[in-house]
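# Observations on the three-dimensional arrangement
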Amino acid sequence: MRQGERRYWLDRKENVDKVYWGVWVLCGLLLLVEPLVHKHAEFAFEDWFGFHGIYGLVACVALVLAAKALRVVLKRPEDYYDRP
Amino acid sequence: MTGLELNPAWTLLLGAALVPLLRGRWRSAWVVALPLVGMAQLWLLPAGEFGRLAFLSSEVLIMRVDRWSSLFALVFLIAALISSIYSLHARDSLQPAAGLAYAGSAIGAVFAGDLLTLFLFWELTAVTSVFLVWARGSARAYRAGMRYVLVQLLSGMLLLFGALQQLAATGSLRFEHIGLDGPGGPLIFLAFGIKCAFPLLHNWLQDSYPEATEVGTVFLSAFTTKLAVYALARGFAGTGELIWIGAVMTAFPIFYAVIENDLRRVLAYSLNNQLGFMVVGIGIGTELALNGTAAHAFTHIIYKALLFMSMGAVLYRVGTINGSELGGLYKSMPWTTAFCIVGAASISGFPLFSGFVSKSMIVSAAGGEALLLTYLVLLFASAGVFHHSGIKIPYFAFFAHDSGKRCEEAPANMLVAMAIAAALCIGLGVYPAPLYALLPYPVDYVAYTGSHVLTQLQLLAFSALAFAVLMRTGIYPPERRLVNLDTDWIYRRLVPGALGVLAAGWARAAGFLTQVMTAGGRRARAAFDRAAGADGLFARPWTTRTMALCIAVFLLAFLLLSYR
């Protein structure tokens, strides 16, 4: 943020916190409505309560941790290919 | 009227040739009019086969108009129109000319009814599109373009050899279902696989697309790989190997996408991941799966173009597209931000956005065939694509920490192009019936069931939660100015390095041999000089007695040698 510039909603830290906790609330709501929806699953395990949510959460955490480990091996300086 | 003249490919190819002759508004009007004329032609074009010509002992078929080819031609024309509008701010005529010729070549290729015509247009897409990379004007882009066009031409060569094998075996060049065990099948499969960016054959895409101009990448993202998807669907539907290939394609690029700093390269990795979904659909080969592939290619071209357009606008205004240097741009570019979010929601498959109505067909087809592992990989990839394309792209470019960079909003022509694409993303997502009506097979599929919507929303919301938590706890790997090694390392570092070692070794060996031979030669010369020199053995007068003795020795040797 620059001096004398208009202050945006997201410039305030408490609003960023609102967004963060909003994601938690949304996830909770999606679990709460699950009993109201008839699931016609392709596989039996999809009928487990909250399967897709848990799967998405675990998948993404695993993805990021694996990618982070991968970076250690794969990273090179930005001009790696430009060097003779 | 033969129907042949209604091929939009001619309009775009010939029209593109005239682009450099026009200036200013005339050129703008011309490049926008060409795809529109193409659409009108497509509208008038009846189904059927046109342009059957005798060739050698066989025949070629320049145009085969059916549901597959019409669908791809339509979305290619939409992409050409959007990209043309997006290119209007560019002062040079090269980009719209090359882009429209490239689009025309791709349309010619999807209409091709035989492998020879396909080969010609296949190569034409390569040589026209490389100018979109070279238009960047840097030495780096020049080298990337060279690598790109070499890979593309290699794919074309394989296609030609495969076509000739088929001709030799069957006497026909017709492009029908080929299969891996068909004559020429493996070569043609490899040719399509290169262009479709199969795993380990993929890296030409991530290498070249992010090096093109902001306009070039939008054109590039639409045609080459989806032409390959079309060709695979025609030639190799139901080939089981494609399920595995596609599943790997959906999963492995997203690991790279998470740690990549160049945001257009992130999109190139996610393009690869989206192609994986289509390839899985082709491998499954049921009507639902193939419909899913066709629908996903259609929606994907539009939302991918939208994402590349938004990142291109950032590159154009800010001058960099590295995530490590961006952030907070929503203040300067609110419209671009909004359009980017629409594209991000579409690629992530949010309900009411276009990706949802097409990707779910492929995932359902995998589930319906009880392919458990494939199904789980596709779910993982769906979560992953939201993670890196849906969140990472808008987050690092427009939000994250404020980079302090301030710029103008994107030019009006870019905003119009993005608005059209965004409207299509939302329109197809809310009301998919017109798209379903165009698909190759009758559609008996309902995307919007409570179960689909809820499970997809859960998957996405919890993925977002994972991102939010990892970001807040600082576990998420920060954007850093790094490059990550990929398979291009093999031909950019390993092979040149190995050749360098070989060349150095050869130079050393050659030096040693020269030395040995020079020294040996010098010694032989000295011996000769001693023998034949002024005072040498052969220069001296020999006595008669010595001569007679010598001759006697020779005769004796001769006698012994001939004696048996």
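Residues numbered from 1 in each chain as written. Chains lettered and ligands numbered in written order. Predicted model: local features only at pLDDT ≥ 70, side-chain atom pairs only at ≥ 80, totals over all residues.

## As for the overall build of chain A
Which entries qualify depends on this criterion: Numbering of helices and strands runs from the N terminus; a helix is a DSSP stretch of H or I covering at least four residues, while a strand is a stretch of E covering at least two. Our radius of gyration is a C-alpha quantity, and the globule rule it is checked against amounts to 2.2 Å times the number of residues to the power 0.38. We call a residue exposed when 12 or fewer other C-beta atoms sit within 10 Å of its C-beta, buried when the count reaches 20 or more, and partly exposed for counts in between; the C-beta positions come from the backbone.
Of the regular secondary structure elements, chain A holds two helices and one strand. Listing each helix as α and each strand as β along chain A from the N terminus yields α-α-β. A globule of 84 residues ought to have a C-alpha radius of gyration of about 12 Å, yet chain A, at 21 Å, is considerably larger. Burial analysis of chain A (84 residues in total) assigns 14% to the buried set.

## Digging into the overall build of chain B
What counts, and what does not: Two residues qualify as a contact pair if the distance between their C-beta atoms, derived from the backbone, is within 7 Å.
Secondary structure assignment for chain B yields 21 helices and three strands. Radius of gyration (C-alpha) of chain B: 32 Å, far over the 24 Å computed for a compact globule of 564 residues. The principal-axis extents of the C-alpha atoms in chain B amount to approximately 120 × 60 × 55 Å. In chain B, which comprises 564 residues, the proportion classed as buried is 54%. Taking all contacts inside chain B whose residues are at least 6 apart in sequence as the whole, residues at least 24 apart take part in 80%.

## Here we look at the interface of chain B and chain A
Selection rule: Residues are grouped as follows: Ala, Val, Leu, Ile, Met, Phe, Trp, Tyr, Cys and Pro are nonpolar; Asp, Glu, Lys and Arg are charged; all remaining types, including Gly, are polar. In this description, strands pair whenever DSSP reports at least two bridges between them.
The interface is formed by 44 residues belonging to chain B together with 41 residues belonging to chain A. The set of elements that each furnish at least two residues to the side of chain B that touches chain A consists of α11 (241–259), α15 (354–368), α16 (372–398), α19 (450–472) and β3 (482–484) of chain B. Per-element tally for the side of chain B that touches chain A: the top contributor is α19(B), with 18 residues. A class-by-class count of the residues in the side of chain B that touches chain A yields 27 nonpolar, 12 polar and five charged. By the bridge criterion, three bridges tie strand β1 (residues 75–77) of chain A to β3(B) in an arrangement that is antiparallel. Bridging from a neighbouring strand, Lys75(A) pairs with Asn484(B) of β3(B).

## Observations regarding the domain arrangement of chain B
Let me state the cut-off plainly: Those domain boundaries reflect an automatic or database domain assignment.
When cut into domains, chain B gives domain 1 (1–236), domain 2 (238–482) and domain 3 (491–562). A separation of 63 Å is found between the C-alpha centroids of domain 1 of chain B and domain 3 of chain B.

## Here's the deal with the pairing of strand β2 (residues 58–65) of chain B
Residue and element names in this part refer to chain B. Burial analysis of β2 places six of its eight residues in the buried class, which makes it a mostly covered element. Note that strand β1 (residues 48–55) and β2 share seven bridges and pair antiparallel. Considered in β2, the bridge of Gly48 is made with Val65. In sequence, β1 turns back onto β2 through a hairpin of two residues, with Leu56 there showing a positive phi of about 50°.

## Quick word on the domain arrangement of chain A
Structurally, chain A comprises domain 1 (1–37) and domain 2 (49–76). One C-alpha centre belongs to domain 1 of chain A, the other to domain 2 of chain A, and the line joining them spans 23 Å.

## Describing unusual backbone geometry
Residue and element names in this part refer to chain B. At Ala197, a position not held by glycine, the phi torsion is positive, near 60°. Along the chain, Ala197 turns up in the loop between α7 (185–195) and α8 (203–208). For Ala197, a count of 25 C-beta atoms within 10 Å translates into the label buried. Its identity as a non-glycine residue notwithstanding, Leu352 has a phi of 80°, on the positive side. Assignment of secondary structure puts Leu352 in the loop between α14 (334–348) and α15.

## What about helix α17 (residues 412–430) of chain B?
Residues and elements named next belong to chain B. Note the following rule: To estimate how far a helix should extend, the number of its residues minus one is multiplied by 1.5 Å. Relevant arc is that of directions from the helix axis to the C-beta atoms, nothing else.
Taking 1.5 Å of rise per residue, the 19 residues of α17 would be expected to cover 27 Å, and the 26 Å separating its terminal C-alpha atoms lies within 8% of that figure. Every buried residue of α17 is accounted for by Met414, Ala417, Met418, Ala421, Ala422, Leu424, Cys425, Leu428 and Gly429. Looking down the long axis of α17, one finds its buried residues gathered within 155° of arc, a one-sided arrangement. Looking at the buried positions of α17, the neighbouring elements they touch are α3 (67–86), α13 (287–318), α14, α15 and α18 (433–438).

## Focus on the nonpolar core
Residues and elements named next belong to chain B. What counts, and what does not: Nonpolar cores are identified as sets of buried Ala, Val, Leu, Ile, Met, Phe, Trp, Tyr and Cys residues joined via C-beta atoms within 7 Å.
Counting 204 residues, the largest nonpolar core has Phe76, Ala305, Leu306, Met309 and Ala421 as its most contacted members. If you tally residues by element for this core, the top one is α13, at 19 residues. For Met309, the contacting residues outside a window of four places in its chain are Tyr86, Val218, Met414, Ala417, Met418 and Ala421.

## Regarding the packing of helix α5 (residues 115–134) of chain B against helix α9 (residues 214–222) of chain B
All names here are of chain B. For clarity, the cut-off: Every axis corresponds to a line fitted to the C-alpha atoms, with the helix fit spanning only the stretch in contact, and the corresponding angles, defined between N-to-C directions, vary from 0 to 180 degrees. Throughout this description, any angle smaller than 35 degrees is read as roughly parallel, any larger than 145 degrees as roughly antiparallel, any in the 65 to 115 degree range as roughly perpendicular, and the remainder as oblique. Note on convention: the crossing is left-handed when the near helix lies turned anticlockwise from the far helix by less than a right angle, right-handed when the turn is clockwise.
Look at α5 against α9: their axes get within 8 Å of each other, and the N-to-C directions meet at 150°. One element, α5, and the other, α9, form an angle in the roughly antiparallel class. Crossing angle aside, the handedness with which α5 passes α9 is left-handed. Residues Ser129, Leu132 and Val133 of α5 pack against Gly216, Phe219 and Leu220 of α9. Taken together, the residues of the contact of α5 with α9 sort by class into four nonpolar, two polar and no charged.

## Notes on the packing of α3(B) against α9(B)
All names here are of chain B. Running from amino to carboxyl end, α3 crosses α9 at an angle of 175°, the nearest separation of the two axes being 9 Å. On the basis of the axis angle, α3 is roughly antiparallel to α9. Between α3, through Phe76, Ala79, Ser83 and Tyr86, and α9, the contact on the second element is made entirely by Val215, Val218, Phe219 and Ala222. Taken together, the residues of the contact of α3 with α9 break down into seven nonpolar, one polar and no charged.

## So, the confidence of the model for chain A
The predicted structure's coordinates, where accompanied by low pLDDT, should not be read in detail. Using the following cut-off: The pLDDT value tells you how sure the predictor is about a given residue, anywhere from 0 up to 100.
Mean pLDDT over chain A: 82, with 94% of residues reaching 70 or higher. When pLDDT is averaged over each helix and strand of chain A, the minimum, 82, is found for β1(A) and the maximum, 88, for helix α2 (residues 51–74) of chain A.

## Things to note about the confidence of the model for chain B
Confidence along chain B averages 90 in pLDDT terms, with 99% of residues attaining 70 or more. For this predicted complex, the interface score ipTM comes out at 0.89, while the overall pTM is 0.88.

## Looking at the environment of Leu263(B)
Residue and element names in this part refer to chain B. As for its placement among the helices and strands, Leu263 is situated in helix α12 (residues 263–284). In this structure Leu263 comes out as buried when scored by C-beta crowding, with 28 C-beta atoms within 10 Å. Considering only alpha carbons, one finds Leu263 and Ala366, 103 residues apart in sequence, at a separation of 31 Å. Ignoring sequence-local partners within four residues, the contact set of Leu263 consists of Met311, Ile321, Gly323, Ile393, Phe396 and Ala397.

## A short note on the environment of Gly281(B)
All names here are of chain B. With respect to the helices and strands, Gly281 occurs in helix α12. Separated by 13 residues in sequence, Gly281 and Ala294 place their C-alpha atoms 8.9 Å apart. Among residues more than four places away in sequence, those in contact with Gly281 are Ala289, Leu290, Gly292, Thr293, His296, Ile362 and Ala365.

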